[in-house]
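A closer look at the structure
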Amino acid sequence: MITMTLTTRGIEYKSTGDTIEDAFNGISLSWENIKDKGTVKVTDGKKTINHLYYIKPLRRIFANKLCRIQAAKRLGFLFQ
């Protein structure tokens, strides 16, 4: 079980899923509501990864499904 936390402008959005992509899809945030950079924290119980995204890539992740899949794959590589 993957737990993901997105922190942007002091607000935390949490989601869980079987994969990193499912956890990304579980965060109910529109790209229009992203006004600042954010930190994504991914945890599987044993290992934790923090990754900083600036505003443009973070908006792209939540605006486009293909970019969300690509970001999930990249975080998966860091997770191994």
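Here's a quick rundown of the structure. Keep in mind it's a predicted model, so treat the numbers as computed, not measured. Within any chain, residue numbers begin from 1 and follow the written order of that chain's sequence. Note on the predicted model: pLDDT of at least 70 is required for a residue's local features to be given, and 80 or more for side-chain atom pairs to be given and counted; whole-chain, interface and lining totals, by contrast, use all residues. Water and hydrogen atoms were dropped before computing side-chain values, which therefore reflect all heavy atoms in the structure.

1. Notes on the pairing of strand β2 (residues 11-17)
Strands were regarded as paired on the criterion that DSSP finds at least two bridges between them. Where helices and strands are cited, they refer to DSSP runs of H or I of at least four residues and of E of at least two residues respectively, numbered from the N terminus. In this structure, strand β1 (residues 2-8) lies alongside β2, joined through seven bridges in antiparallel fashion. Looking at β2, one finds that I2 is bridged to G17.

2. Quick notes on the packing of helix α2 (residues 55-63) against helix α3 (residues 65-79)
Fitting a line to C-alpha atoms yields each axis, with helices limited to the stretch in contact; the angle taken between N-to-C directions then spans 0 to 180 degrees. Running from N to C, α2 and α3 cross one another at 115°; their axes reach a closest spacing of 5 Å. With respect to α3, the element α2 is oriented roughly perpendicular. Within the contact between the two elements, α2 uses R60, I61, F62 and A63 and α3 uses K65, C67, R68 and A71. Classification used: nonpolar for Ala, Val, Leu, Ile, Met, Phe, Trp, Tyr, Cys and Pro, charged for Asp, Glu, Lys and Arg, polar for all others including Gly. In the contact of α2 with α3, the residues fall into five nonpolar, no polar and three charged. Reported orientations rely on four angle classes, namely roughly parallel under 35 degrees, roughly antiparallel over 145, roughly perpendicular from 65 to 115, and oblique for the rest. Any pair of residues with heavy atoms lying within 4.5 Å of one another is described as a contacting pair.

3. Re the sheet that holds β2
As summarised here, the arrangement of the four strands in space is β2-β1-β3-β4, forming an open sheet in which the pairing is antiparallel. A strand with exactly one partner marks an edge of an open sheet, and here the two such strands are β2 and β4 (48-53). Across the sheet, the mean angle separating the axes of adjacent strands is 15° when strand polarity is ignored. Here α2 sits on the sheet and contacts β1, β3 (38-43) and β4; the angle it forms with β4, its principal contact strand, is near 110°. The strands touched by α3 are β1, β3 and β4; relative to β4, the strand with the most contacts, the crossing angle is about 140°.

4. A closer look at the pattern of salt bridges
For this analysis, a salt bridge means a side-chain nitrogen from Lys or Arg found within 4 Å of a carboxyl oxygen belonging to Asp or Glu. Per the counting criterion, the structure on display carries one salt bridge. Across the pair E12 and K14 runs a salt bridge, and its minimum N-O distance is 4.0 Å. Only protein chains enter the accessibility calculation, which uses a 1.4 Å probe; a residue whose area is less than 20% of its type maximum is buried, one above 50% is exposed, and one in between is partly exposed. Since its relative accessible area comes to 48%, E12 is described here as partly exposed.

5. What about the environment of G26?
Take G26: it is sitting in helix α1 (residues 20-26). In this structure G26 comes out as partly exposed when scored by relative accessible area, which is 42%. Taking the C-alpha atoms as reference points, G26 and F62, separated by 36 residues in sequence, lie 11 Å from one another.

Coordinates in, geometry out; function isn't part of it.
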